[in-house]
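Secondary and tertiary structure notes
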Amino acid sequence: MREPGRSAIGTWSGGRFLRFGEAIEEDRLAALLRPGGGIDTVLTADAYGQGEADRVLGGALDGVPRESFSLVGAVGHDFYEGERDGPKGFPRFTDPHLRGPDEYAAYLRMATERSLERIGASSFDLLLLHNPDRSGYTSEVVWDGMAALREAGLTGRIGVAPGPANGFTLDLISCLERFGDRIDWAMIILNPLEPWPGELCLDAAARHEVKVLTRVVDYGGLFWGDLRPGMELAKGDHRAFRPEGWIEAGLEKLERLLPIAKANKLTPIQLACQWNLAHPAVQCVAPTLIQELGEEVCPIEAKRVELARLPEQRLGEEEREAIRAIGDNTGCMALKGASPQHEGEERPDRWPLTDDLAAVGSRWGIDPKRDLVAS
């Protein structure tokens, strides 16, 4: 089976299944996702469009030799039996209202087989546990079930994809400590303007020989170069959660990064990708390809070409740290997962900090009250 490559495209691109920019036509998205031209890794999640993203990807892969690309899937949100909770999406399969631990493995196998059937493939090269809740990070039964999928030949590798928002830092590190001997990959949010908190997980990933795939490399599309101050975003755009003025503030920082990009003959998105890949644990970058609104914007197809032309690595440690200093976002937001700032009942994406997780932080030089709070 084929390992994911340096750059990848996910079915969340193109605005059809996650609202980033304009929703492009299905045929156009399929052409975007079709492996080749310098990009050989494609990602999907079964919950996107309740299976529709799988189907579109299957059409994109039709006729492409299976050995020529790496197929990455993700399962974890139960849209088969669960009910959608508005913008929060479908519940995790580990929700106790849906099933108990004795049914976790059966669900994972069912979801994986159905995703593969929609795609028209016999196996994934990598299968990720998608946006797990606390049970997903801590349950040995869950990771026994994931490992069983690999043993059954339904996937070559398994991994974990925290989300959908930023955080889950100590939860991920603890998961790697406990189950790192089974986990091959982890997917996190990371880019030069959002080094925090994703960077805090990288040493643990490297030590446990877990390879890292990074998303949101484009910082909400800003590194593609066609966002402008005051620019209108599409109605319901997923980037509406970002604070007011984020485009303007980001462009000011980008202006300071451009001389580094120019010195290395890199476009802004290529600089962002290479900054991520300059971290030893990071092996793959998957920026979001966005068709912005308006007439004087870059076509999404040109963005694919730009990503496909990502040069060999040109950034060293000194430049990596200089870029990180410009983009430092420490304390800029409330994080999800275990948090010292959590109040009230446990939620599917946020829960109280436990003594065990505080001890995990201590082992890795992370003080939750200093390093994991919005300041």
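The sections below set out a description of the structure shown in this document.

Basis of the calculations
- Residues numbered from 1 in each chain as written.
- Predicted model: local features only at pLDDT ≥ 70, side-chain atom pairs only at ≥ 80, totals over all residues.
- Heavy atoms only, no water.
- 1 Å grid on protein atoms, 1.4 Å probe; cavity = no way out; pocket = protein on both sides within 12 Å on 5 of 7 lines; lining within 4 Å.
- Points joined across faces, edges and corners; volume = space filled by probe spheres on them.
- Helix = DSSP H or I, 4+ residues; strand = E, 2+ residues; numbered from the N terminus.
- Nonpolar A, V, L, I, M, F, W, Y, C, P; charged D, E, K, R; others polar.
- Buried < 20%, exposed > 50% of the residue type's maximum accessible area, 1.4 Å probe, protein only.
- Expected span 1.5 Å × (residues − 1).
- Contact = heavy atoms within 4.5 Å.
- Polar contact = N/O pair within 3.5 Å; in protein donor to acceptor, adjacent residues only side chain to side chain.
- Salt bridge = Lys/Arg side-chain N within 4 Å of Asp/Glu carboxyl O.
- Phe/Tyr/Trp six-rings, centres within 6.5 Å; stacked < 30°, edge-to-face > 60°.
- Lys NZ or Arg CZ within 6 Å of the ring centre and 35° of its normal.

**Digging into the layout of surface pockets**
Gaps left between atoms are located by rolling a probe of water-molecule size over the structure's atoms. Within this model, the second largest pocket holds a volume of roughly 280 Å³. Lining the second largest pocket we find 14 residues, and of these E199, L200, L202, D203 and H279 sit closest to its centre. Counting residues per element, the ones that place at least two in the lining of the second largest pocket are helix 7 (202–207) and helix 11 (317–327). Here the lining of the second largest pocket is composed, by residue class, of seven nonpolar, two polar and five charged.

**Section: unusual backbone geometry**
That bond from G163 to P164 is cis: its omega, 5°, falls within 30 degrees of zero. Relative to the assigned elements, P164 resides in the loop between strand 5 (158–161) and helix 6 (169–179). For the peptide bond that leads from W196 to P197, omega is 0°, which places it in the cis range. Position of P197 relative to the elements: it lies in the loop between strand 6 (185–189) and helix 7. The backbone of F168 sits at a positive phi, close to 60°, despite the residue not being glycine. Note on placement: F168 falls in the loop between strand 5 and helix 6. One non-glycine residue, E209, adopts positive backbone phi at about 55°. If you trace the backbone, E209 turns up in the loop between helix 7 and strand 7 (211–215). On the accessibility criterion, E209 (70% relative accessible area) is exposed.

**Concerning helix 5 (residues 140–151)**
Taking 1.5 Å per residue as the helical rise, helix 5 with its twelve residues ought to reach 16 Å, and the 16 Å between its terminal C-alpha atoms agrees with that figure. Those residues of helix 5 not exposed but buried are V142, W143, G145, M146, A147 and L149. Looking at the buried side of helix 5, the elements it contacts are helix 3 (104–119), strand 4 (126–130), helix 4 (134–138), strand 5 and helix 6. N-cap assignment for helix 5: the residue whose side-chain oxygen lies 3.2 Å from the backbone N of V141 is S139.

**Some words on empty space enclosed by the protein**
Under the counting rule described, the total for this entry stands at one cavity of 30 Å³ or more. If you add up the space inside the largest cavity, you get close to 90 Å³. Lining the largest cavity are 14 residues, and of these P162, N166, G167, I188 and I189 sit closest to its centre. Those elements that provide at least two residues to the lining of the largest cavity are helix 6 and strand 6. The leading source of residues in the lining of the largest cavity is strand 6, at three residues. Looking at the lining of the largest cavity residue by residue, the class counts come to nine nonpolar, four polar and one charged.

**Some words on the pattern of salt bridges**
Summed over the entire model, instances satisfying the criterion amount to 26 salt bridges. Across the pair E3 and K211 runs a salt bridge, and its minimum N-O distance is 3.3 Å. Of this pair, E3 sits in the segment before strand 1 (9–10) while K211 sits in strand 7, and the two are 208 residues apart along the sequence. For R182, the salt bridge goes to D144, with nearest N and O atoms at 2.6 Å. Taken together, the residues span a long stretch of sequence, with R182 in the loop between helix 6 and strand 6 and D144 in helix 5 at a distance of 38 residues.

**Comments concerning the packing of aromatic side chains**
In the structure shown here, the tally under the stated rule is ten aromatic pairs. Measuring from centroid to centroid gives 6.2 Å for W143 and F179, while their planes differ by 25°, and the two rings are stacked. On the criterion of sequence distance, the pair formed by W143 in helix 5 and F179 in helix 6 is long-range, its members being 36 residues apart. The class of F179 is buried, set by a relative accessible area of 2%. Clustering of aromatic rings is evident, with ring pairs tying together F79, Y80, F90, F93, Y104 and Y107. A cation over a ring is seen here: R242 above Y219, with NZ or CZ 4.4 Å from the ring centre.

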